[in-house]
Amino acid sequence: MSNQKSAIIALGSNLQNPARQIRAALVAIAAHPQIELERTSSFYITEPVGYDDQPDFVNAVCAVSTDLSGVDLLAALNQIEADFGRERTFRNAPRTLDLDIIDYNHQSSNNPHLTLPHPRAHERSFVMKPLAEILPHFELGQYGNAADIAAQLGDDGIRLLNEEEQ
């Protein structure tokens, strides 16, 4: 791929065998002809945020290289979500798959369709802990590096997915 850009993608699922959904989503991302999967975090079990009356989530983060623009990468990820049966019923609703661009080539954007870096990533241990695992020195906008942000957020409501749960 020429003119490659880096991107960080957060993955989440809490319906229909979430760990399997995340594994299959990583395969789908890697299968895209314009996306190269570089690194993938461990899987984490996390408590829901915003709407509590739902199952726990399985979350992960991956780093990719792509020659897609940020908006085109988002469109590709939205298509993968749709292929997995994602329904957007209400904010923070249970979902088969959620794919969010956390960072795209360290760019800032206030585009209503793609705000960069992700406006709430630095507040979410389910994003920062897996990101710190694979790229501890990754700088997320003005918020600092992933390891420091993850340490500040702590471990409440998040733990590594163990082998029996996968």
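As the structure is a prediction and not an experimental result, all values here were calculated from the model. (Residues numbered from 1 in each chain as written. Predicted model: local features only at pLDDT ≥ 70, side-chain atom pairs only at ≥ 80, totals over all residues. Heavy atoms only, no water.)

(A) The arrangement of the overall build of the chain in detail. Each helix and strand counted, the chain has four helices and eight strands in total. Listed by position from the N terminus, the elements making up the chain come as β-α-β-β-β-α-β-β-β-α-α-β. Computed over its C-alpha atoms, the radius of gyration of the chain comes to 15 Å, within 12% of the 15 Å expected for a compact globule of 166 residues. Along the longest, intermediate and shortest principal axes, the C-alpha atoms of the chain span 40 × 35 × 30 Å. Split into buried and exposed, the 166 residues of the chain put 47% on the buried side. By sequence separation, contacts in the chain at least 24 residues apart represent 67% of the contacts at least 6 residues apart. Accessible surface, the chain: about 8,400 Å² in total, of which carbon and sulfur atoms supply 46%. If the 12 positive side-chain charges of the chain are averaged to one point and the 23 negative ones to another, these points end up 3 Å apart. (Helix = DSSP H or I, 4+ residues; strand = E, 2+ residues; numbered from the N terminus. Rg over C-alpha atoms; globule rule 2.2 N^0.38 Å. Buried < 20%, exposed > 50% of the residue type's maximum accessible area, 1.4 Å probe, protein only. Contact = heavy atoms within 4.5 Å. Areas by Shrake-Rupley, 256 points an atom, 1.4 Å probe, with all protein chains shown as cover. Lys, Arg positive; Asp, Glu negative; His and termini not counted. Charge placed at Lys NZ, Arg CZ, Asp CG, Glu CD.)

(B) Helix 1 (residues 18-31), seen in detail. For helix 1, with 14 residues, the first-to-last C-alpha span of 20 Å sits near the 20 Å given by 1.5 Å per residue. Those residues of helix 1 that sit buried are Pro18, Ala19, Gln21, Ile22, Ala25, Leu26 and Ile29. Summarising the axial view, the buried residues of helix 1 lie within an arc of 155 degrees, below the 170-degree limit, and thus occupy one face. Turned more than 90 degrees away from the buried face of helix 1 sit Arg20, Val27 and Ala31, all of them exposed. (Expected span 1.5 Å × (residues − 1). Arc of directions from axis to C-beta.)

(C) Representation of the pattern of salt bridges within the structure. Tallied over the entire structure, the rule returns two salt bridges. For Arg95, the salt bridge is made with Asp98, and the minimal N-O distance between the two is 3.1 Å. Overall, the relative accessible area of 11% leaves Arg95 in the buried class. (Salt bridge = Lys/Arg side-chain N within 4 Å of Asp/Glu carboxyl O.)

(D) Spatial organisation of the nonpolar core. Leu11 and Ile29 are the most contacted members of the largest nonpolar core, which totals 29 residues. Put simply, the parts of the chain that give this core at least two residues each are strand 1 (5-13), helix 1, strand 4 (57-66), helix 2 (70-83), strand 5 (98-104) and strand 7 (114-116). Residues contacting Leu11, with those up to four places away along its chain left out, are Ile22, Ala25, Leu26, Ile29, Val58, Asn59, Ala60, Val61, Cys62, Asp98 and Leu99. (Core = buried A, V, L, I, M, F, W, Y, C linked by side-chain atoms within 4.5 Å.)

(E) Focus on the packing of helix 3 (residues 125-134) against helix 4 (residues 146-153). Where helix 3 meets helix 4, the closest approach of the two axes is 8 Å, and the angle between their N-to-C directions is 135 degrees. On the basis of their axis angle, the class for helix 3 and helix 4 is oblique. The handedness of the crossing between helix 3 and helix 4 comes out as left-handed. Counted together, Ser125, Met128, Lys129, Leu131 and Ala132 of helix 3 and Ala146, Ala147, Ile149, Ala150 and Leu153 of helix 4 form the full contact between these two elements. (Axes fitted to C-alpha atoms, helices over the stretch in contact; angles between N-to-C directions. Parallel < 35°, antiparallel > 145°, perpendicular 65-115°, else oblique. Left-handed = near helix turned anticlockwise from the far one by under 90°.)

(F) Examining the confidence of the model for the chain more closely. For the chain, per-residue confidence averages 92 on the pLDDT scale, and 95% of positions sit at 70 or higher. Per-residue pLDDT, averaged within each element of the chain, yields its smallest value for strand 6 (residues 109-111) (88) and its largest for strand 2 (residues 35-40) (98). (pLDDT = per-residue confidence, 0-100.)

(G) A look at the side chain of Asn59. Considering the arrangement of structural elements, one finds Asn59 in strand 4. Separated by 3.3 Å, the side chain of Asn59 and the backbone oxygen of Leu11 make a polar contact. Setting aside chain neighbours within four positions, we find Asn59 in contact with Leu11, Gly12, Ser42, Phe43, Tyr44, Thr46 and Phe126. (Polar contact = N/O pair within 3.5 Å; in protein donor to acceptor, adjacent residues only side chain to side chain.)

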